[in-house]
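# Close look at the chain arrangement
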Amino acid sequence: MIRESDLKIVEGWTKEHAEYCSEIWSVDFDLENYDSEVQTFYIRDLQIPGREELQFRHLFELEGKIQKKFGQRYRVGIIYEQITPT
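Summary of the structure given here.

Rules behind the numbers
Residues take numbers from 1 onward in each chain, read along the sequence in its written order. Where totals are concerned, whole chains, interfaces and linings use all residues; where local detail is concerned, this predicted model gives features only for residues with pLDDT of at least 70, and gives and counts side-chain atom pairs only at 80 or more. Hydrogens and waters are ignored; side-chain quantities use all the structure's heavy atoms. Strands are runs of DSSP state E lasting at least two residues, helices are runs of H or I lasting at least four, and both sets are numbered from the N terminus onward. With C-alpha atoms as the basis for the radius of gyration, the globule rule is written as 2.2 Å multiplied by the number of residues raised to the power 0.38. The cut-offs for exposure are 20% and 50% of the maximum accessible area for each residue type, with area from a 1.4 Å probe on protein chains only; residues under the lower value are buried, those over the upper are exposed, and the others partly exposed. The contact criterion used throughout is that any non-hydrogen atoms of two residues lie within 4.5 Å. Directions drawn from the helix axis to the C-beta atoms are what define this arc. The pairing criterion for strands is at least two bridges between them, as found by DSSP. Axis definition: a line fit to C-alpha positions, over the contact stretch in the case of helices; interaxial angles, taken between N-to-C directions, run 0 to 180 degrees.

### Points about the overall build of the chain
Scanning the chain from terminus to terminus reveals two helices and three strands. Taken from N to C terminus, the helices and strands of the chain fall in the order α-β-β-α-β. Scaling as 2.2 N^0.38, a compact globule of 86 residues should have a C-alpha radius of gyration of about 12 Å, and the chain matches this with 13 Å. Seen through its principal axes, the chain has C-alpha atoms that stretch 40 × 35 × 20 Å. Going through the 86 residues of the chain one by one, you find that 38% of them count as buried. Here the analysis covers contacts within the chain between residues at least 6 apart in sequence; of these, 56% occur between residues at least 24 apart.

### Some words on helix H2 (residues 60-70)
Considered for burial, the residues of H2 that qualify are Leu-62, Glu-63, Ile-66, Gln-67 and Phe-70. Along the axis of H2, the buried residues cluster in a sector spanning 130 degrees; they form a single face. In H2, those exposed residues whose orientation departs by more than 90 degrees from the buried face are Phe-60, Glu-61 and Lys-68. Two residues or fewer after H2 comes Gly-71, characterised by a positive phi angle close to 125 degrees.

### Some words on the sheet that holds strand E2 (residues 40-45)
Either a parallel or an antiparallel arrangement is found when strands of a sheet pair, and the pairing is made through backbone hydrogen bonds. Strand order in the open sheet formed by three strands is E1-E2-E3, with mixed pairing between adjacent strands. The open sheet has two edge strands, strand E1 (29-35) and strand E3 (75-79), and neither has a second partner. Taken pair by pair, the neighbouring strands of this sheet meet at an average axis angle of 30 degrees, ignoring direction. Of the pairings in the sheet, the one linking E1 to E2 comprises six bridges and is antiparallel in character. Residue pairing for E2: Leu-31 is matched across the bridge by Ile-43. Running over the sheet, helix H1 (residues 4-25) touches E1 and E2 and is turned about 150 degrees from E1. Helix-sheet contacts for H2 involve E2 and E3, and the interaxial angle to E3 is about 140 degrees.

Take a look at the structure:
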């Protein structure tokens, strides 16, 4: 189970990885939230015009770091747009 302190660690890793990826691949993202039901950290593609779209290939290292610390069942997911509930 992910505690608040663990979430802060992942937030820091995500910010570091976002800076790294921004320079190499021209992508911009941030941690959106964690869903404990599906054990997934959701990453928001910030969709800045003129920048590359976020893809899973950009997040392999981050997901590996998360899995190494918390276990293989933890994943990352990408959010591209906000869907309003109907």
